[in-house]
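# Fold and contact review
Read off the chains here:
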Amino acid sequence: MTTSGPGTIYPNVLHADRHSALWRCLLLPLWIWIGEQVVQVRASHQHFHPHSIKLPGDITLGGLFPIHARGPHGVNCGDLKKEKGIHRMEAMLYALDQINSDPELLPNITLGARILDTCSRDTYALEQSLTFVQALIQKDISDIRCSNGEPPIIRKPERVVGVIGASASSVSIMVANILRLFEIPQVSYASTAPELSDNNRYDFFSRVVPPDSYQAQAMLDIVKALGWNYVSTLASEGNYGESGVEAFMKISREAGGVCIAQSVKIPREPEAGEFDKIIRRLMETSNARGVIIFANEDDIKRVLEAARQANLTGHFLFVGSDSWGAKSSPIAELEDVAEGAVTILPKRVSIDGFDQYFMSRSLENNRRNIWFAEFWEDDFRCKLTRPGIKLDSDKKKCTGGERIGRDSSYEQEGKVQFVIDAVYAVAYALHNMHQDLCPNSHGVCNSMDPVEGRLLLDYIRAVNFNGSAGTSVLFNENGDAPGRYDIFQFQMTNHSHPGYHVIGQWTNNLRLNLEEMQWSGGDKSVPESICSFPCKPGERKKMVKGVPCCWHCELCDGYQYQLDEFNCETCPTDMRPIPNRTACCPTPIIKLEWNSPWALVPASLAMLGILATSAVVITFIRFNDTPIVRASGRELSYVLLTGIFLIYLITFLMIAEPGVVACAFRRLLLGLGMAITYSAMLTKTNRIYRIFEQGKRSVTPPKFISPTSQLAITFILISVQVGGHMTCRYDGKLLFALLFDVCQVLGVFVWFAVVPPHTIIDYEELRPPNPDLARGILKCDMSDLSIICCLSYSIVLMVTCTVYAVKSRGVPETFNEAKPIGFTMYTTCIVWLAFVPIFFGTAQSTEKLFIQTATLTVSMSLSASVSLGMLYIPKVYVIIFHPEQNVQKRKRSFKAVVQAAKLSQKTDSQNGDTKIEPDRSQ
């Protein structure tokens, strides 16, 4: 073994700090009084009830071990503890034997011991530990005299230079408070409470086991490695359990990622049904299946029993501290409930030398252990005979020939290694101290008589040697050993025999073999202990207030996508979320395709209309000078047919893919065809109406009824719509109309210059609640309102024409075209009245573009078809199939028309049927 000591670097450590001196001044009188009382009481019973082992030596070490369990109410000590008590205590005796027989370690110096039983009770341990400070308490015996008047001879108690122990953290804390007052160093082999790392309060305390803060960190790393984030804690009342859980909770808060669902404390004296209540409380947060448990063996066993009784075998996933470790006693007959439990234990090895030593112990060679006879009876289940004591009939008699490990089961207790290391740590400190203070002396020199406690503490903190397990033993500034843990899991089916199996280790960081782990029923998959399941893609976390590991998953609805774990963001206008809502993608762009039914039907109607219109125009041109063509008003007929042709043609512009040229022609032609058509019809009905109205009042014909005048009026009406696109040339009488058209042309080009025709992609028009149906619509920069505005003038002409048609309903039906025009306008009004609700009623439809375009074009085609069918198809029929009727009839003067008008007025008033042949030459 290699060692290192402080050398000569401690010149100032011989002076106690002012804080310790102040406490000693305040508490020393109290402890002296308590010590005197205890010494007096114990002195009277020492011979009959020995409670300590005394080994003589040049330097005496104290030892504190839980030889017995805590007794029931009113009794200090209970049953013997074979492993935690006898094994550990014998480990100290074994270590002392090894040190005293080592010529290189403390040569010519023998270590002695005073070993006490704490009975697993802190108050009793405090009483026992007063034995260690007796030599430091000065007693006034000046008033004490023997019967012969001589002063008494009082044997001075041995001076304890250091204490090995205690086991339980609560006992160590209680004892440390008195030992620090007398500057006696203390080295524990099992106390792991984080509270003992406070070097201000427990400055003379050191330990060869890592504190629970390391253990808590290791347990937290295990929880995280298993993917758990929601666990409960369970602690036995007392320093060990409460401080361990507190350390775990503190570290988990600082590290984040793990939340505590329940923090339950097991009372020191639990009442009946207490563990059932604990299980019910843990089930209040049933998602927290992981249970971090810092509890003693008895409490662990009763928790497992309560879980089985509640029919929750396999539900809880225990992560046990070193108090559970790899012990079999807490899980005896409860293996099915404990299956899968992950436990932690400071890294250890079995000391073969101790096994040989302990199994060779017998009643004959181990008389120094005053509790060995009791252990012998308990271990071999027999009874030793004692004078005056009758042997129980149900127990066999001990022969003394029994052997440990042969006639009884034996397994080395887990903390034996640390007991040996604790004794060696003090021995090496004394060795280094002796080399520095007594360099040329054999045995204890005056510089070490007595041993200065604070100086010895500094030498203890400075040791660094290879311990019994082959690992280095050293202490940090707080007296803590480095953290080295083995991680176990209790498995039942993974191996040939059930038991604890090493699945990893922790040395400042975790190394866990998840493949070797096995859970209830042999399941290899790690069970879950989480508050909330991970949100699906496209869902954000809405945290539960005060519980950072719990959340509700909310879908990023509408046009939102998942920006990060906690936030949703709305996609840009031209984009929509992808199906899993983790990103945005461009919104598909649509337009009316030629192969769509919404385009095929209007295009078919328009094509038929164009063919029919072309046939009528060709027929009229071919028979241009025939009476029927001349009587129908050739000039206005050609204008009207041009309008009808443009109405059919606009259908193809509306269906065509939007572009600058298509958009420009849509602006020009959308209302132009209807304006031309209804301007010509309005001119016709107005002429008929004025002729007959004038004929009722006088024989003078009205003005502007000649063909030239009619064309001028028509062009003026058309020019109001868009103007300037008609290029027909007439005589000087139309100069004013052409000038007006030129002005309109300039206006149109100014409009194009200010707002050039262009296409837009409208993402708002087709943006329904379901983003999967969202589309960008490629269209010209014409809104629904602008389309209606383009048609509004035509609608005004249509309504005005209808009004004149109604007023001219009294004209004889054989006179010109009043009645066909009237019927045409009535039908057209019905078509457009149906158009309005269909057009605007589909504004929210996902196929708005298609429906509105089809509705508009079909309505226009129907209007044109009605006009074509009512006004010209009958004429073409007569011209082609009945040419004998296409002959010139006699002319009538305007005077005859006046007479017909007056006669018509009379017959209308009498509901007569008199017919007047019109003068078709007008």
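Scroll up for the structure.
For every chain, the first residue of the written sequence is number 1, and numbering continues from 1 along that sequence. In keeping with the predicted nature of the model, local features appear solely for residues at pLDDT of at least 70, side-chain atom pairs appear and are counted solely at 80 or more, and the whole-chain, interface and lining totals rest on all residues. Heavy atoms from the whole structure form the basis of all side-chain values; hydrogens and water molecules are not counted.

As summarised here, the arrangement of the eight strands in space is β10-β9-β11-β12-β13-β18-β19-β20, forming an open sheet in which the pairing is mixed. Of all the strands in the sheet, the pair left with one neighbour each is β10 (259-266) and β20 (510-512). Sheet twist, expressed as the average angle between the axes of neighbouring strands with direction ignored, equals 25 degrees. In this structure, strand β9 (residues 230-236) lies alongside β10, joined through six bridges in parallel fashion. In the sheet register, Ala235 faces β10, and the bridge partner there is Lys265. Contacts between residues were defined by any pair of non-hydrogen atoms, one from each residue, lying within 4.5 Å. For every element, the axis is a line fit to its C-alpha atoms; helices are fit only across the contacting stretch, and the angle between N-to-C directions ranges from 0 to 180 degrees. Each helix is a run of H or I in the DSSP string that is no shorter than four residues. Each strand is a run of E no shorter than two, and both are numbered from the N terminus. Set on the sheet, helix α6 (residues 239-255) makes contact with β9, β10 and β11 (290-294); between it and β9 the angle comes to about 155 degrees. Strand pairing follows a simple DSSP-based rule, namely that at least 2 bridges must link the two strands.

Here we come to empty space enclosed by the protein. Put simply, the grid is 1 Å and covers the protein atoms alone, a cavity is a trapped set of points that fit a 1.4 Å probe, a pocket is an open set with protein on both sides within 12 Å along at least five of seven lines, and lining residues have an atom within 4 Å of a point. Grid points are joined across faces, edges and corners, and a volume is the space filled by probe spheres set on the points. All told, the structure shown has eight cavities of 30 Å³ or more when counted by the stated rule. Reported here for the largest cavity is a volume of approximately 290 Å³. For the largest cavity, the lining is made up of 20 residues, of which Met654, Arg666, Lys779, Leu849 and Thr853 are closest to its centre. Every element with two or more residues in the lining of the largest cavity is listed here: α16 (634-655), β29 (776-780), α21 (784-807) and α23 (848-871). Residue contributions to the lining of the largest cavity peak at four residues, all from α23. When its volume is computed, the second largest cavity comes out at roughly 130 Å³. Going through the elements one at a time, α12 (416-437) and β17 (472-474) are the ones with two or more residues in the lining of the second largest cavity.

Another point: α12. Spanning 22 residues, α12 covers 32 Å between terminal C-alpha atoms, matching the ideal 32 Å at 1.5 Å per step. For α12, the tally of buried residues reaches 19 of 22 residues, placing the bulk of the element in the interior. Expected span of a helix, by definition, is 1.5 Å for each gap between consecutive residues, and there is one gap fewer than residues. Per-residue accessibility, obtained with a 1.4 Å probe over protein chains only, is compared with the maximum for each type, and a residue is labelled buried under 20%, exposed over 50%, and partly exposed between these values.

This brings us to the pattern of salt bridges. For this document, the term salt bridge refers to a Lys or Arg side-chain nitrogen within 4 Å of an Asp or Glu carboxyl oxygen. Enumeration according to the criterion identifies 20 salt bridges in this entry. A salt bridge links Arg207 to Asp480, with the nearest nitrogen and oxygen atoms 2.8 Å apart. With Arg207 in strand β8 (residues 205-207) and Asp480 in the loop between β17 and β18 (485-491), this pair connects stretches of sequence that are 273 residues apart. For Arg207, a relative accessible area of 0% puts it in the buried group. For Asp480, a relative accessible area of 4% puts it in the buried group.

Another aspect to go through is the pairing of strand β22 (residues 547-555). Here strand β21 (residues 539-544) pairs with β22 via six bridges, running antiparallel. The residue of β22 that forms the bridge with Lys542 is His552. Once β21 ends, the chain turns through two residues before running back antiparallel as β22, passing Gly546 with a positive phi of about 85 degrees.

Counted at 1.5 Å a residue, the expected span for helix α2 (residues 82-100) with its 19 residues is 27 Å, and the 26 Å between its end C-alpha atoms agrees. Burial runs high along α2: 14 of the 19 residues are buried.

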